[in-house]
Protein chains: 2
Amino acid sequence: MKNKIKAIRKKLGITQEQLAKECGVVRQTINCIENDKYDPTLVLAFKLSKTLKVKVDELFIYE
Amino acid sequence: MKNKIKAIRKKLGITQEQLAKECGVVRQTINCIENDKYDPTLVLAFKLSKTLKVKVDELFIYE
DNA sequence: TAATTATGTCCAAAACATTTGACATAGGTG
DNA sequence: CACCTATGTCAAATGTTTTGGACATAATTA
């Protein structure tokens, strides 16, 4: 499952570390998700969505 | 994390078994998610969303 | 250049999601 | 009532996500 996290995070000018802290996870988690190592849990997807100010349906690309 | 799966599934007149099959999981998985035993993975959330014809952001209630 | 910050990666363990198989109960229909 | 379908639940096994600690490299800045 692809996502737009890295692009949107950079547009907002924040680091993986800052995004991680906002979402209550560690930096490696953000890094793995941005690089498609695995998908976030649903709760984390919503936290990312909220922090990055886009809807879950926009942030992730299904299919 | 709450969700509207049971309500929408009933409105569509389908069983847990049918929804499960559509989404490629077993009946117990749908049952557990409807009864808030655990949250689905992000991929399953998108499959449920697609089958139930509502957006992920509408199907699940975060906060 | 040297120092600092940001990112990518690895591993093992912990936490969480899903399956399989089974049994119990609730609701409707003959 | 007896039958059948749908739903709820449980425990053990398996698969996936997240953590914590560590190290390497890339990019930025003094």
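Conventions we followed
Residues numbered from 1 in each chain as written. Chains lettered and ligands numbered in written order. Predicted model: local features only at pLDDT ≥ 70, side-chain atom pairs only at ≥ 80, totals over all residues. Heavy atoms only, no water. Contact = heavy atoms within 4.5 Å. Buried area = accessible area lost by both parts, 1.4 Å probe. Salt bridge = Lys/Arg side-chain N within 4 Å of Asp/Glu carboxyl O. Polar contact = N/O pair within 3.5 Å; in protein donor to acceptor, adjacent residues only side chain to side chain. Helix = DSSP H or I, 4+ residues; strand = E, 2+ residues; numbered from the N terminus. Near = heavy atom within 4 Å. Nonpolar A, V, L, I, M, F, W, Y, C, P; charged D, E, K, R; others polar. Buried < 20%, exposed > 50% of the residue type's maximum accessible area, 1.4 Å probe, protein only. Arc of directions from axis to C-beta.

J.: Explain the interface of chain A and chain B to me, and be specific about the residues and the numbers.
T.: Frequently, the measure chosen for interface size is the accessible area that the parts lose on association. Listed as interface residues are 16 residues of chain A and, on the opposing side, 15 residues of chain B. Three residues stand out in chain A for area buried against chain B, namely Leu42, Phe46 and Tyr62 of chain A, and they jointly supply 43% of the buried area on that side. At the junction of chain A with chain B, the criterion picks out 2 salt bridges. Note that Glu63 of chain B and Lys50 of chain A form a salt bridge whose closest N and O atoms lie 2.5 Å from each other. At the junction of chain A with chain B, the criterion picks out 5 residue pairs in polar contact (both at pLDDT 80 or more). Counting residues per element, the ones that place at least two in the side of chain A that touches chain B are helix 4 (42-52) and helix 5 (56-59) of chain A.

J.: Tell me about the protein's contact with DNA strand D, and please be specific about residues and values.
T.: The immediate surroundings of DNA strand D are formed by 21 residues, with Gln28 and Thr29 of chain A together with Gln16, Arg27 and Asn31 of chain B found nearest. Counted by atom, the contact set of DNA strand D within 4 Å of the protein is 58% sugar and phosphate. Between Arg27 of chain A and DNA strand D, the recorded distance is 3.5 Å, taken from a side-chain N or O atom to a base nitrogen. One nitrogen or oxygen atom from the side chain of Lys37 of chain B is found 2.9 Å from a phosphate oxygen belonging to DNA strand D. Going through the elements one at a time, helix 3 (27-34) of chain A together with helix 1 (5-11) and helix 3 (27-34) of chain B are the ones with two or more residues in the surface near DNA strand D. The greatest single-element share of the surface near DNA strand D, amounting to 4 residues, is contributed by helix 3 of chain A. By residue class, the composition of the surface near DNA strand D is 6 nonpolar, 9 polar and 6 charged.

J.: Tell me about helix 2 (residues 16-23) of chain B, and name the residues and values.
T.: Residues and elements named next belong to chain B. Along helix 2, the positions that sit buried rather than exposed are Gln16, Leu19, Ala20 and Cys23. The buried residues of helix 2 occupy one face: seen down the axis, they fall within an arc of 100°. With respect to the buried face of helix 2, the exposed residues turned more than 90 degrees away are Lys21 and Glu22. Against helix 1, helix 3 and helix 4 (42-52) lie the buried residues of helix 2. Phi turns positive, to about 75°, at Gly24, one or two residues after helix 2.

J.: Describe the side chain of Asn3 of chain A, with residues and values.
T.: Residues and elements named next belong to chain A. Residue position: Asn3 is located in strand 1 (residues 2-3). When its relative accessible area of 17% is taken as the criterion, Asn3 is described as buried. Separated by 2.9 Å, the side chain of Asn3 and the backbone nitrogen of Ile5 make a polar contact. Polar side-chain contacts of Asn3 include one of 3.1 Å to the backbone oxygen of Ile33. Setting aside residues no more than four positions away along its own chain, Asn3 makes contact with Ile33, Glu34, Asp36, Leu59, Phe60 and Ile61.

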